[in-house]
Amino acid sequence: MKTRITELFGIEHPIIQGGMHFVGFAEMAAAVSNAGGLGIITGLTQRTPDDLAKEIARCREMTDKPFGVNLTFLPSVNQPDYPGYVKAIVDGGVKAVETAGNNPAKWLPGLKEAGIKVIHKCTSVRHSLKAEAIGCDAVSVDGFECGGHPGEDDVPNFILLPRAAEELKIPFVASGGMADARSLVAALAMGAEGMNMGTRFIATREAPVHENVKLAIVAASELDTRLVMRPLRNTERVLTNAAVERLLEKEKALGPNIKFEDIIEEVAGVYPRIMMDGEMEAGAWSCGMVAGLIHDIPTCKELIDGIMSEAERIIRGRLEGFLAA
Ligand SMILES: Cc1cc2nc3c(=O)[nH]c(=O)nc-3n(C[C@H](O)[C@H](O)[C@H](O)COP(=O)(O)O)c2cc1C
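Residues numbered from 1 in each chain as written. Predicted model: local features only at pLDDT ≥ 70, side-chain atom pairs only at ≥ 80, totals over all residues.

A. Looking closely at the site of the ligand. Around the ligand lies a shell of 29 residues, among which Gly18, Ala100, Gly147, Gly198 and Gly288 are the nearest. Elements with a contribution of two residues or more to the shell around the ligand: strand 3 (67-72), strand 8 (195-197) and helix 9 (199-202). Residue composition of the shell around the ligand, grouped by class: 9 nonpolar, 16 polar and 4 charged. (Near = placed C-beta within 6 Å. Helix = DSSP H or I, 4+ residues; strand = E, 2+ residues; numbered from the N terminus. Nonpolar A, V, L, I, M, F, W, Y, C, P; charged D, E, K, R; others polar.)

B. Structural view of unusual backbone geometry. Despite not being glycine, Phe22 shows a phi value in the positive range, around 60 degrees. Structurally, Phe22 can be placed in the loop between strand 1 (15-17) and helix 2 (26-34).

C. Expanded view of the environment of Thr204. Within the fold, Thr204 resides in the loop between helix 9 and helix 10 (211-219). Overall, the presence of 25 C-beta atoms within 10 Å leaves Thr204 in the buried class. Between the C-alpha atom of Thr204 and that of Ile40, which follows or precedes it by 164 residues, the distance is 15 Å. Leaving out residues up to four positions away in the same chain, Thr204 has contacts with Ile297, Pro298, Thr299, Cys300 and Leu303. (Buried ≥ 20, exposed ≤ 12 C-beta atoms within 10 Å, placed from the backbone. Contact = placed C-beta atoms within 7 Å.)

D. Layout of helix 10. Those residues of helix 10 lying buried are Val213, Ala216 and Ile217. Considered in projection along helix 10, the buried side chains sweep an arc of 95 degrees and stay on one side of the axis. Away from its buried face, by an angle of more than 90 degrees, helix 10 presents the exposed residues Glu211 and Ala219. On its buried face, helix 10 sits against helix 9, strand 10 (236-239) and helix 13 (270-275). (Arc of directions from axis to C-beta.)

E. Representation of the pairing of strand 2 (residues 39-42). Taking every second residue as pointing to the same face, both faces of strand 2 are buried, with Gly39 and Ile41 on one and Ile40 and Thr42 on the other. For strand 2 and strand 3, the ladder comprises 4 bridges, and the chain directions are parallel. Across the sheet, Thr42 pairs through a bridge with Asn70, a residue of strand 3. You can see the chain leave strand 2, run along helix 3 (residues 49-62) and come back into strand 3, and the turn it takes is right-handed. (Pairing = 2+ DSSP bridges. Right-handed = clockwise from strand over helix to strand, strands pointing away.)

By themselves, these observations are geometric and do not establish any function.
Structure (structure tokens):
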């Protein structure tokens, strides 16, 4: 399949694996890229720019296909060494960057000068237009269904994607709730030129996370995610567990007076315990409603090949069939 997204990133299939904290290691990114998609290493999971440089080098040993790095701009007091991370990306010869979390304008000149294509992840049309205006090459439009941070507007993809198509000139991919060929064909129909998946890629053989995480996603239904940290205007969609229910009780009890410190036990330092050690009750971890559509743990190649062949069957068979009738 050829779209402006496959052309932009030099990939075979219009499928991107979104940056994921403590999931987006070299093994994940390489597996997706080797399967013809765009794999993404999560920059900030690497503790230092030097560690990121090593992770990029490791990924390059595992694939000769294009892959990218995610740079998430967090509203934190102790700012990560962003100039250092950007330098590691540029020096590592990476040609695609997924930015998220905040306006990436400050970093664009350096990235563009190095010939890097930038796709910015946004949860609204207004932020997508901003990304276009500042010179991003593409946008990943992240609907309310998504795992991770859906923003505060709560617009699901059935509205958000066609709205983005009405306004944007640069290409965009659909993100949030994407799992299979039906997602891809629907996203294309609504104006996207590909799709970005997070949760779906965690439940793959190559995802370098504890088996418990994959099994939890397969076991979960579309009813099993919760929105946490809404009172802090840092909403995150997570898979429910005892820690998440405790966190929500605190939010209810403390109301608008809640502070980050009140929920620190449920959210801080949770990712390595969940993703590496498989301690599934350790705290709140991002997961999309799309878990309800995930019933197996294929290889990335099986997943992507299956999506592409089924997409063709849907377009040429089911959709064409309706017209013929
Ligand atoms: C476990 C997990 C961790 C994530 N970590 C990040 C992150 O560090 N930075 C980021 O930009 N997005 C992050 N995301 C969001 C994904 O990149 C992607 O946008 C989202 O998962 C899409 O929704 P889906 O899960 O319904 O496919 C994360 C998602 C998950 C499930």
